Amino acid sequence: MSMSDSSSEINFTIGPVQGFIAQARRTRDLWSGSFLLSYLSGCAMAEIRRCDGRIKVPDVEGDQLLRWIESDGEGAPPRIGTLPNRFVASAEDPAGAARSAAEGVRSRWKKIADCVWNKYVEGVADQGKNTREIWERQVNNFWEIHWTIGAMEGMEARKNWRICTDWSDGRPTIEWGDHCTIMSDWQEISGYVRSIEREKQDDFWKKIRQETSGMDLRSDERLCAIALIKRMFPSVAEDAIGWEVSADRWPSTLYVAAIPWLSAVIESAERDYANDYAKKAFSYAEHIQRKGVAEQIFGRKDLFLEIDANFYHTTSLKNPKSTPLKMTPEDGDEPEDVRRRREELIECLEELYNKKGKPSPFYAMLLMDGDNMGRLIRESGEAVSRALASFAKDVERVVHDNLGVLVYAGGDDVLAMLPVERAMSCAYRLSVSFAESFEAQGMEATISAGLVFASHRVPLRSVMREAHSILDGIAKDENGRGSMAVSVLKGSGRYCRWVSSWKGAVSPENEVVLERLAKNLSEKPDGIEASSSFFYKSRELLLMLAGEQRWSPGMFFDLSHLGGLDIETLLQAEYLNALEHRSEITEEVRDSAVRYVRDLLSVSRRHRGPEHERATGKEICADGMLLVKFLSQKGVQE
């Protein structure tokens, strides 16, 4: 049988993806989930290759993770997952190779789970209620491994999937009992019902926490087996997969938010002052060093860059629960001497703010996914594979150049965390790299993005849910692919939601227009100035002209019924009215108003992706203006 014969083709996938990765409370969970899924996919690929098969999509030649798996852990694996959960392969005995791959996934997963059980749960299990039974049920039944033999169309038809998991009793959609505080469909492993067995449940989890380093589990976390494996995987990785993982290298969302500020501080004359502050923080608190994080992000070691991010933000530093010092009690007020030390740290940090400004409490979560990949793979599978391999090589460099942290990059998928100021530019540069990688193979392809600017107070699960929602529902389906959808989540809720095609988002000079407008507004060159009232009054004016009663984030106003009404002139008047505090409106200011409002309207109009009809230009979204306002303040003001 020919290796190119479609009857030898294997389409293999492991899931659930979002159910495993996105349900995370910490960035460490997010990384663990994405890496583990990539690792298990690599184990499946390795088994197929061991059966004399070939991986057709993606192109895995030279992939460091797969090479590391196949060499039984020789050398160092990549820091991030690089293999997608879905791939196409071929083999002389495709069914046999697929079964071997599925078994490879199960056995590697069981080894990881057993390492977590043995180190953290086994000694406490007899204090729970059916803990072993809960653990085995969840570990054995979590993964959905699907494969089909034949052309790619078979993968698209669920009726042809072979589900390689034995659920003889059926797998419940939502488990019974008290649920995990992170993965809410699954039962937490103590087995107790909190409403009637609270003390036993608390005692069980207290004993689990005693088995960890003390910072791995919060006092309010009660986890299912899957969430606990993700959380503790870095601590057992050396035994489980042969790689010693340093979990401290993974920055928190609060750390990512502070990256531009940290860079500015450490490159300034205040560096010595900042390091003195760090020394004081180390003397007053325990377990706050984050070894390796500075080297990963900044390429250097520095004391100030390796303290817990809560010590960069006064709002967190003022909270004993989020930022405990030595002798801070779990409950109740801090002793007077501890309180004085906290006040001393706050005073030192505020002095640093006076010299270098404040760090932003907002960060960006970027999720990207190639458009129409299924069709492209069916038409030109191996050319697509080469294009994606080329793109993957560029992703980490682009993210790092924009001060970001890459969480995952496999195939056409990207997940990264970035500071507010550079996130949109990073997304655009990646879209260009994606298109160029396909052009080199004589093909046209686009990638879409969901970008969420989020306050660190917003739960990570909510941020990931929003990112997936705007990527799939707004950028791809509503706007027609080849688009970027952006949402701002504040502690009080969604602030705005904006979408545009890549072409509509950038200037002829390849600048992201919103970032340029935000920079001009914050730096005020050429007389550019606008108060907050201008942005909100403009929204209310558009709402009134559209005849709508209420605004909601992402709402487009259809102004086609207004005929020749000059919206631009009306908004220029609003802009100038907002400057009434000025004693004189000069001609320079008027000219600036004309240019600035024109650009604001440009990014606020509907710019659809290539799959939809051309926009009329009469649909306007006030969220473009609100997004400029948010970006100009760098999220420092909630």
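Residues numbered from 1 in each chain as written. Predicted model: local features only at pLDDT ≥ 70, side-chain atom pairs only at ≥ 80, totals over all residues. Heavy atoms only, no water.

**Overview of the overall build of the protein chain**
From N to C terminus, the protein chain includes 22 helices and 13 strands. Across the 638 residues that make up the protein chain, the buried fraction comes to 56%. In the protein chain, 73% of the contacts between residues at least 6 apart in sequence involve partners at least 24 apart. Roughly 27,400 Å² of accessible area belongs to the protein chain as shown, and the carbon and sulfur atoms make up 44% of that amount. Treating the 84 positive side-chain charges of the protein chain as one cloud and the 100 negative ones as another, the clouds have centres 2 Å apart. (Helix = DSSP H or I, 4+ residues; strand = E, 2+ residues; numbered from the N terminus. Buried < 20%, exposed > 50% of the residue type's maximum accessible area, 1.4 Å probe, protein only. Contact = heavy atoms within 4.5 Å. Areas by Shrake-Rupley, 256 points an atom, 1.4 Å probe, with all protein chains shown as cover. Lys, Arg positive; Asp, Glu negative; His and termini not counted. Charge placed at Lys NZ, Arg CZ, Asp CG, Glu CD.)

**Here we look at helix 22 (residues 623-632)**
Of all 10 residues in helix 22, 10 are buried, a share of seventy percent or more. Among all positions in helix 22, only Asp623, Gly624, Met625, Leu626, Leu627, Val628, Lys629, Phe630, Leu631 and Ser632 are buried. Count one or two residues on from helix 22 and you reach Lys634, which has phi positive near 55 degrees.

**Quick word on the environment of Leu559**
Structurally, Leu559 is set in the loop between strand 12 (556-558) and helix 20 (567-577). Relative accessible area serves as the criterion here: at 4%, Leu559 is assigned to the buried category. For the pair Leu559 and Leu545, spaced 14 residues apart in sequence, the C-alpha separation works out to 7.2 Å. Once residues within four sequence positions are removed from consideration, Leu559 is found in contact with Leu542, Leu545, Ala546, Ile567, Lys618 and Ile620.

**Quick notes on the side chain of Gln572**
Relative to the helices and strands, Gln572 resides in helix 20. Taking relative accessible area as the criterion, Gln572 reaches 15% and is therefore assigned buried. Ignoring anything within four residues of it in the chain, the contact list for Gln572 reads Ala593, Val594 and Val597.

**Side note on the state of the cysteines**
If you walk through the whole model with that rule in mind, you get 0 disulfides. In this structure Cys51 is a free cysteine whose sulfur lies 14 Å from that of Cys43, the closest cysteine sulfur available. (Disulfide = S-S within 2.5 Å.)

**Topic: the pattern of salt bridges**
If you walk through the whole model with that rule in mind, you get 41 salt bridges. Among the salt bridges present, the one from Arg137 reaches Glu175, with a minimum N-O distance of 2.8 Å. On the criterion of sequence distance, the pair formed by Arg137 in helix 5 (residues 131-141) and Glu175 in the loop between strand 5 (162-163) and helix 7 (194-211) is long-range, its members being 38 residues apart. Here Arg290 and Asp308 are joined by a salt bridge, their closest N and O atoms 2.7 Å apart. Residue Arg290 is located in the loop between helix 10 (271-284) and helix 11 (293-298), and its partner Asp308 is located in the loop between helix 11 and helix 12 (314-317); the two are separated by 18 residues in the primary sequence. The burial state of Arg290 is the same as that of Asp308; both residues are buried. (Salt bridge = Lys/Arg side-chain N within 4 Å of Asp/Glu carboxyl O.)

**Some words on the pairing of strand 11 (residues 493-501)**
Within strand 11, 7 of the 9 residues are buried, leaving the element largely enclosed by the surrounding structure. Between strand 10 (residues 483-490) and strand 11, which follow one another and run antiparallel, lie 2 residues. (Pairing = 2+ DSSP bridges.)

**What to know about the confidence of the model for the protein chain**
Per-chain confidence: the protein chain averages 87 in pLDDT, with 90% of residues scoring 70 or above. When the criterion is pLDDT under 50, residues 154-172 qualifies, and its contacts beyond four places in sequence or with other chains add up to 39 contacts. (pLDDT = per-residue confidence, 0-100.)

**Quick notes on the sheet that holds strand 11**
Taken in spatial order, the 6 strands line up as 7-8-6-9-10-11 in an open sheet, and their pairing is mixed. Of all the strands in the sheet, the pair left with one neighbour each is strand 7 (405-410) and strand 11. Across the sheet, the mean angle from the axis of one strand to that of its neighbour is 15 degrees, orientation sign disregarded. Taken together, the 5 bridges between strand 7 and strand 8 (residues 413-419) define a ladder with antiparallel strand orientation. Across the sheet, Tyr408 pairs through a bridge with Leu415, a residue of strand 8. Contacting strand 6 (362-370), strand 9 (447-455), strand 10 and strand 11, helix 22 crosses the sheet at an angle of about 115 degrees to strand 11. (Axes fitted to C-alpha atoms, helices over the stretch in contact; angles between N-to-C directions.)

**A few points about the packing of helix 10 against helix 13 (residues 336-356)**
Axis separation between helix 10 and helix 13 bottoms out at 11 Å; the angle between their running directions is 160 degrees. When the interaxial angle is binned, helix 10 and helix 13 end up roughly antiparallel. Crossing of helix 10 over helix 13 shows left-handed handedness. Residues Tyr273, Ala274, Tyr277, Lys280, Ala281 and Tyr284 of helix 10 form the contact with helix 13, whose own contacting residues are Arg341, Glu344, Leu345, Cys348, Leu349, Glu351, Leu352 and Lys355. (Parallel < 35°, antiparallel > 145°, perpendicular 65-115°, else oblique. Left-handed = near helix turned anticlockwise from the far one by under 90°.)

**Observations concerning the packing of aromatic side chains**
Scanning all chains against the criterion turns up 26 aromatic pairs. Relative to Trp250, the ring of Trp31 has its centre 5.2 Å away and its plane inclined at 25 degrees; by these criteria the two rings are stacked. Of this pair, Trp31 sits in helix 2 (residues 27-50) while Trp250 sits in the loop between helix 8 (225-241) and helix 9 (253-266), placing them 219 residues apart in sequence. Each of the two residues, Trp31 as well as Trp250, counts as buried. Seen from their ring centres, Trp109 and Trp143 are 5.5 Å apart, and the 85 degrees between their planes marks the pair as edge-to-face. (Phe/Tyr/Trp six-rings, centres within 6.5 Å; stacked < 30°, edge-to-face > 60°.)

**Some points on the environment of Asn140**
Take Asn140: it is sitting in helix 5. A sequence separation of 31 residues divides Asn140 from Trp109, and the C-alpha atoms of the two residues are 9.1 Å apart.

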